[in-house]
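Chain and residue survey
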Amino acid sequence: MHKYLICLDLDGTLLTDEKKISPYTKKVLTHLKEIGHEIMISTGRPYRASEPYYRELEMTTPVVNFNGAFVHHPQDLYFKTVHEELDLEVAQEIVKRVPELNIQNIIAEVKDNVYIHYHDEVLFEAFSMGSPQVKIGNLVQNMESGPTSILIQAEEPEVPGIRKALDDLFAETIEHRRWGAPYPVIEIVKKGINKAVGVDYVRGYLGIEQEHTIAFGDEDNDTEMIKYVKHGVAMGNAIEEVKDAADHVTLSNETDGIGKFLNDYFKLNL
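So, here's what we can say about the structure. (Residues numbered from 1 in each chain as written. Predicted model: local features only at pLDDT ≥ 70, side-chain atom pairs only at ≥ 80, totals over all residues. Heavy atoms only, no water.)

1. Focus on the side chain of Ser 42
Its location among the elements puts Ser 42 in the loop between strand S2 (38–41) and helix H3 (51–56). Looking at Ser 42, the relative accessible area reads 0%, which means it is buried. What Ser 42 contacts, discounting residues up to four positions off in sequence, is Leu 8, Asp 9, Val 64, Lys 195, Val 199 and Met 225. (Helix = DSSP H or I, 4+ residues; strand = E, 2+ residues; numbered from the N terminus. Buried < 20%, exposed > 50% of the residue type's maximum accessible area, 1.4 Å probe, protein only. Contact = heavy atoms within 4.5 Å.)

2. Regarding the pattern of salt bridges
For side chains bearing opposite charge, pairing can occur when the charged atoms are close. Evaluated as defined, the whole model comprises 19 salt bridges. A salt bridge links Arg 177 to Glu 175, with the nearest nitrogen and oxygen atoms 3.5 Å apart. Glu 175 carries the same exposure label as Arg 177, and that label is buried. Three or more residues are tied together by salt bridges with common partners; here these are Asp 9, Lys 195 and Asp 222. (Salt bridge = Lys/Arg side-chain N within 4 Å of Asp/Glu carboxyl O.)

3. Thoughts on the packing of aromatic side chains
Two aromatic rings are characterised by how far apart their centres lie and by the angle between their planes. Tallied over the entire structure, the rule returns eight aromatic pairs. On the numbers, 6.1 Å between centres and 80 degrees between planes, the contact of Tyr 47 with Tyr 54 is edge-to-face. Side by side, Tyr 47 and Tyr 54 carry an identical accessibility label, which is buried. Counting every residue linked through ring pairs, the aromatic cluster contains Tyr 4, Phe 216, Phe 261, Tyr 265 and Phe 266. (Phe/Tyr/Trp six-rings, centres within 6.5 Å; stacked < 30°, edge-to-face > 60°.)

Shown next, in the form of structure tokens:
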């Protein structure tokens, strides 16, 4: 049996709309892990917001957080962590220039420290998962080091214009990706960073051939990962760009798309 690396996005992919792992998909993933395959999380979330699912599935693999900007191993102190920060001056310039566009808020994360530009109770609650240090106020003044990522919250119709402006102003220094749920967010990370870079690093660490890789995703920030692996699988609820990039399209996150695809692929009869 060839050992496979199975890479799982969280929101809109592994998780149902209620942010849970369905019993059937959990059963399939647990079985695959028990027979020797590797299951890993690859998400835009910070680790504190992905840890509950890592624990629930009893994973023993590294984790790709912040869309590849932070790759680490929760159980191996000798694993060489990758942490790619945005340059502080670039981050400050983004914070200065972006409010000229029609945005709602800006959030910066430095590992587990969260900086929120404008006071917002809903955002405060959303980013308080895992009890980080949260500071509200002018990011230019509050950020003391380069952030792992910057998130820009905006109304859906404003997102394309903001992304074009980011390309015009900062194309040589940043990458930006769109999140769909729970609200429209543009995530900004250092140039050259994406989930595929993180997955490739973990794959090498685990000693698994690229031809034995599978990844599931649904959003813009999954595209490079979907293209990188041998079997890129778009969820039924994925955006069209991800479906176009994928080798396969499965059912939605609400109908066990991951579990049913893997059951069929590995002929598990579960």
